[in-house]
Amino acid sequence: MSREPCAAVVFDVDGTLVDSERDGHRPMFNAAFAAAGLPYRWDVEEYGRLLAITGGRRRLAAYLESRGHDAREAADLAARLHRDKTERMRDLVASGEIAARPGARELLRELASLGTTLAVATTGTRDWVEPLLRRLFGEDLFEVVVTGSDVHTLKPDPAAYVEALNRLGLPASHAMAVEDSGNGLRAAVAAGLRCVVVTNDYTRHEDFTGAAAVYRGFAAWRADPAAPLPVGSRATGQGPSR
Ligand code: XBP
Ligand code: MG
């Protein structure tokens, strides 16, 4: 694995910078179902299976079809539910209840101090993504932020990463991606990027063939002397071992 400094690192958000799915998006989807008078509720396990479908609106539409709504009704209802869910997610972000994953801030700080450009490529909706990034990581940390609202096709399609590289003005060989899921890894690799995967409870057992490295958390990454990025903790020896 290369130890060359990387000009830019492009981060996924959901599941990577923040553990936002189980206790963030999931209860907000459920609140939207309840507010619409619908009987559906997604428990932790079922939501884990539904994460295979990226994009909240697409996830809702596929689920509604699976519950017998015809395609048109499912699409309309999904759009309405998703608008409500997005507002709820914004409120949740504003309440401060969504935290950065342990070690994420430290890694971002280290990369920034090494002169690495930081960017985001997410499938999530801009209306909650931007306030979340501002709140957790400050106003100007990310030079480029591409959200699901900015592209027509979502991960595992590479569109978000391709757009991020375009905006950065960099070839894929000068950047690297950080993801938590197989869908995200495939999107990054299809855009030509090397990709480090930092797993979470939902993604731990997915197929990460093609990843530059796979870690269970940012602490493990920062402690790895062979990590594919120039992480400062290697020099200081800080950070717990894997
Ligand atoms: C994240 C998603 C998103 C979130 C929900 O995927 O698929 O849909 O689950 O956010 P990734 P929205 O981490 O691979 O980008 O409801 O705003 O879509
Ligand atoms: Mg993700």
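Right, let's walk through the structure included here. Remember, it's a predicted structure, so these values are computed and weren't measured experimentally.

## Quick word on the site of ligand 1
What surrounds ligand 1 is a group of 18 residues, the closest being Glu-21, Gly-56, His-82, Lys-85 and Thr-125. Contact distances for ligand 1 include 2.8 Å between an oxygen atom and a side-chain N or O atom of Asp-12. Protein chains bury 97% of the 450 Å² of accessible surface belonging to ligand 1 in isolation. Under a 2 Å grid-point criterion requiring more than half of the atoms, the pocket assigned to ligand 1 is the largest pocket. Mapped onto the shell around ligand 1, the elements with two or more residues apiece are α1 (21-35), α3 (56-66) and α4 (71-95). The dominant element in the shell around ligand 1, judged by the number of residues it contributes, is α1, at 3 residues. Each of domain 1 (8-19 + 99-236) and domain 2 (21-95) contributes no fewer than three residues to the shell around ligand 1.

## Looking at the sheet that holds strand β2 (residues 117-121)
As summarised here, the arrangement of the 6 strands in space is β3-β2-β1-β4-β5-β6, forming an open sheet in which the pairing is parallel. On the outer flanks of this sheet lie β3 (144-146) and β6 (213-215), each paired with one strand and no other. Here the strands of the sheet are splayed against their neighbours by 20 degrees on average, with no regard to which way each runs. Pairing of strand β5 (residues 194-198) with β6 involves 3 bridges; the strand directions are parallel. When the sheet's bridge partners are listed, Val-198 is paired in β6 with Tyr-215. The sheet strands contacting helix α5 (residues 104-113) are β1 (8-11) and β2, and the helix crosses β1 at an angle near 155 degrees.

## Let's talk about unusual backbone geometry
The linkage connecting Lys-155 with the following residue, Pro-156, adopts the cis geometry, with an omega of 15 degrees. Structurally, the position occupied by Pro-156 is in the loop between β3 and α7 (159-168).

## Overview of α5
Among the residues of α5, those classed as buried are Ala-104, Leu-107, Leu-108, Glu-110 and Leu-111. Down the axis of α5, the buried side of the element spans an arc of 160 degrees, and every buried residue falls inside it. Away from its buried face, by an angle of more than 90 degrees, α5 presents the exposed residues Arg-109 and Ser-113. In the stretch just after α5, Gly-115 is the one whose phi turns positive, near 90 degrees.

## A closer look at the coordination of the magnesium ion (ligand 2)
All of the protein donors around the magnesium ion (ligand 2) are Asp-12 (OD), Asp-14 (O) and Asp-180 (OD); their distances to the metal are 2.1 to 2.2 Å. Mapped onto the sequence, the residues coordinating the magnesium ion (ligand 2) show the spacing D-x1-D-x165-D. Within this pair, whereas Asp-14 is found in the loop between β1 and α1, its partner Asp-180 is found in the loop between β4 (175-179) and α8 (182-190), the two being separated by 166 residues in sequence. The buried category is assigned to Asp-14, whose relative accessible area is 11%.

## Looking at the pattern of salt bridges
Considering all chains together, one arrives at 10 salt bridges under this definition. Residues Glu-45 and Arg-49 are paired through a salt bridge, measuring 3.7 Å at the closest nitrogen-oxygen approach. Of this pair, Glu-45 and Arg-49 both sit in helix α2 (residues 44-50), separated by 4 residues, roughly a single helical turn. The pair formed by Glu-45 and Arg-49 is uniform in burial state, with each residue classed as exposed. Of the charged contacts in the structure, one is a salt bridge between Asp-201 and Arg-204, with a shortest N-O distance of 2.9 Å. By sharing partners, the salt bridges in this structure join Asp-12, Lys-155 and Glu-179 into a single network.

## Some details on the nonpolar core
Counting residues in each nonpolar core, the largest one holds 36 residues, and the members touching the most others are Phe-11, Leu-17, Leu-133, Phe-142 and Trp-221. Top contributing element to this core by residue count: helix α6 (residues 126-137), with 6 residues. Each of domain 1 (8-19 + 99-236) and domain 2 (21-95) accounts for three or more of the residues forming this core. Excluding anything up to four places from it in sequence, Phe-142 contacts Phe-11, Leu-17, Leu-108, Leu-118, Ala-119, Val-120, Leu-133 and Phe-137. Listed in part, the 24 residues of the second largest apolar core include Val-10, Ala-121, Ala-159 and Ala-191.

Calculation notes
- Residues numbered from 1 in each chain as written.
- Chains lettered and ligands numbered in written order.
- Predicted model: local features only at pLDDT ≥ 70, side-chain atom pairs only at ≥ 80, totals over all residues.
- Heavy atoms only, no water.
- Near = heavy atom within 4 Å.
- Polar contact = N/O pair within 3.5 Å; in protein donor to acceptor, adjacent residues only side chain to side chain.
- Areas by Shrake-Rupley, 256 points an atom, 1.4 Å probe, with all protein chains shown as cover.
- 1 Å grid on protein atoms, 1.4 Å probe; cavity = no way out; pocket = protein on both sides within 12 Å on 5 of 7 lines; lining within 4 Å.
- Sits in = over half its atoms within 2 Å of the grid points.
- Helix = DSSP H or I, 4+ residues; strand = E, 2+ residues; numbered from the N terminus.
- Domains from an automatic or database assignment.
- Pairing = 2+ DSSP bridges.
- Axes fitted to C-alpha atoms, helices over the stretch in contact; angles between N-to-C directions.
- Contact = heavy atoms within 4.5 Å.
- Buried < 20%, exposed > 50% of the residue type's maximum accessible area, 1.4 Å probe, protein only.
- Arc of directions from axis to C-beta.
- Donors = N, O, S within 2.8 Å, 3.2 Å for Na, K, Ca; no water.
- Salt bridge = Lys/Arg side-chain N within 4 Å of Asp/Glu carboxyl O.
- Core = buried A, V, L, I, M, F, W, Y, C linked by side-chain atoms within 4.5 Å.

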